[in-house]
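Listed below, chain by chain, are the residues.
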Amino acid sequence: MLGIDPYYFSINRKMTAAFGTLFNELAVPRFDANGTFTELLHVPISYGPKERVEAKIIDDPNIDKASAVSPLPRLSFEMGNPFYDSARAMNPTQTMAIMKDPVTKNYKQQLEAVPYNFPFTLWVYSKTLEDANKIVEQIFPMFRPTFPLKIELVPEMNITMNVPVILNSVIKSDTYEGDFKGERRAIIWTLDFTMKGYYFGPITEEKVIKFANVNFYAPTVVNLLDGVGNSVPIDRVTSQPGLTANGQPTTNVALTIPYQQIDADDDWAYINIVYGHLANN
């Protein structure tokens with residue numbers, strides 16, 4: 001119905017992978033009672049909703065059972081529903097990227113990207129307040145409230161953008177089993193983010209216009225009442241690139257090689273020829 005060939009730039013997957021990469025190197029330093037450093041504990045991260053990890057914590061507070069869920073502390077994240085961002089909208093007919101095809105010599109082009117906001121939620125889980133603080137204090141200072149994240153969005157057109165990642169809100173909660181006097185199971189920080197990304201339309205291939213032939217009439221007398229007047233014989237103007245066999249730009253049509261052999265990125269000159277009535281003026 002849209003009249004386009006199928007295409008796919010895997011934007012959702014790239015945005016998700018890029019967001020997760022921001023936090024995949026967090027670690028918690030551990031010290032003994034004397035304040036001596038003992039180990040650096042890597043904090044694992046996975047994609048999935050909070051409920052899946054939280055259910056595992058309540059079912060097995062010490063994370064002792066064999067499971068795909070790693071011990072605490074850990075992180076998880078999930079992408080919400082992308083929505084259109086009209087504040088960043090550009091002219092929809094404007095060309096965003098142009099690239100020359102080395103085989104066909106034609107030019108590939110892509111129209112202006114469509115701005116969308118991608119909501120993400122990051123959860124930080126820990127059994128102790130100290131470990132949770134060590135994690136979030138490595139995150140908060142990096143967002144003021146925006147962090148620029150460089151992502152290769154459309155490699156076919158060499159489109160790489162700095163996508164702003166905005167920290168919108170932070171909530172801390174304690175998870176218990178049973179009443180308030182029950183054993184504390186986990187401390188959970190909920191961090192809401194927005195990535196200001198884009199979706200992209202199809203890549204189209206266009207031939208380069210190398211020869212223009214314009215025919216027109218020039219009225220000699222115009223009746224201002226009805227706009228009807230006598231016209232002189234038709235005039236014609238042609239325009240084409242000019243390039244000698246030695247690769248030098250020229251405006252002489254007798255010296256140029258055929259325009260079909262001239263590439264758009266060659267160092268050529270314009271050859272404009274006027275025929276008819278205008279040529280005598």
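What counts, and where the lines are drawn
- Residues numbered from 1 in each chain as written.
- Predicted model: local features only at pLDDT ≥ 70, side-chain atom pairs only at ≥ 80, totals over all residues.
- Heavy atoms only, no water.
- pLDDT = per-residue confidence, 0-100.
- Contact = heavy atoms within 4.5 Å.
- Helix = DSSP H or I, 4+ residues; strand = E, 2+ residues; numbered from the N terminus.
- Polar contact = N/O pair within 3.5 Å; in protein donor to acceptor, adjacent residues only side chain to side chain.
- Buried < 20%, exposed > 50% of the residue type's maximum accessible area, 1.4 Å probe, protein only.
- Pairing = 2+ DSSP bridges.
- Axes fitted to C-alpha atoms, helices over the stretch in contact; angles between N-to-C directions.
- Phe/Tyr/Trp six-rings, centres within 6.5 Å; stacked < 30°, edge-to-face > 60°.
- Lys NZ or Arg CZ within 6 Å of the ring centre and 35° of its normal.

Peer 1: Explanation requested: the confidence of the model for the protein chain in the structure shown.
Peer 2: When pLDDT is low, close inspection of the predicted coordinates is not appropriate. Per-residue pLDDT for the protein chain has a mean of 82; in total, 81% of the residues score no lower than 70. Contacts for the low-pLDDT stretch residues 63-69, under 50 throughout, to residues beyond four places or in other chains number 12 contacts. Segment residues 221-227: pLDDT under 50, and 7 contacts once partners within four positions in sequence are set aside and those in other chains are kept.

Peer 1: Would you explain the side chain of serine 239 in this entry?
Peer 2: The residue serine 239 is located in strand β16 (residues 235-242) in this model. Separated by 2.8 Å, the side chains of serine 239 and asparagine 272 make a polar contact. Ignoring any residue separated from it by four or fewer positions in sequence, one finds serine 239 in contact with Lys210, Phe211, Ala212, Tyr270, Ile271 and Asn272.

Peer 1: I tried to follow unusual backbone geometry on my own but got confused; where do I start?
Peer 2: Among all residues save glycine, negative phi is the norm, and among peptide bonds the norm is trans. Looking along the chain, the bond that leaves arginine 144 and enters proline 145 is cis, with omega of -5°. Secondary-structure assignment places proline 145 in the loop between α3 (129-139) and β9 (146-154). Despite not being glycine, asparagine 158 has its phi angle at roughly 55°, a positive value. Here asparagine 158 is to be found in the loop between β9 and β10 (159-176).

Peer 1: Just to check I follow, could you spell out the pairing of β16 for this structure?
Peer 2: Regular strands place side chains that alternate from one sheet face to the opposite one. The element β16 is largely enclosed, with a buried count of 6 among its 8 residues. In terms of strand pairing, β16 meets strand β17 (residues 269-275) through 7 bridges, oriented antiparallel. By the bridge assignment, valine 237 is partnered in β17 with valine 274.

Peer 1: How should the sheet that holds strand β12 (residues 204-206) be read in this particular structure?
Peer 2: Strand pairing within a sheet occurs via backbone hydrogen bonds; the two strands may be parallel or antiparallel. Read from one edge of the open sheet, 3 strands run β6-β7-β12, paired in antiparallel fashion. With partners counted over all chains shown, the strands left at the sheet margins are β6 (95-100) and β12, one partner each. Strand-to-strand twist across the sheet, computed as the mean angle between neighbouring axes with direction ignored, equals 30°. Here 3 bridges tie strand β7 (residues 107-111) to β12, and the two strands are oriented antiparallel to one another. Its bridge partner lying in β12, tyrosine 107 is registered against glutamate 206.

Peer 1: Help me out: how do you make sense of the packing of aromatic side chains in this one?
Peer 2: Describing an aromatic ring pair means giving the distance of the ring centres and the angle of the ring planes. In this structure the tally under the stated criterion is 18 aromatic pairs. Between tyrosine 84 and tyrosine 116, the aromatic rings sit 5.8 Å apart at their centres with planes inclined by 70°, giving edge-to-face as the arrangement. Pair noted here: tyrosine 84 is in strand β5 (residues 83-84) and tyrosine 116 is in strand β8 (residues 114-126), with a separation of 32 residues, a long-range link. Tyrosine 116 gets classed as partly exposed once you look at its relative accessible area, which sits at 24%. Taken together, Phe19, Phe23, Tyr47, Phe77, Phe120, Phe143, Phe147 and Phe193 form an aromatic cluster joined through their ring pairs. Between arginine 88 and the ring centre of tyrosine 198, over which it is positioned, the NZ or CZ distance is 5.0 Å.

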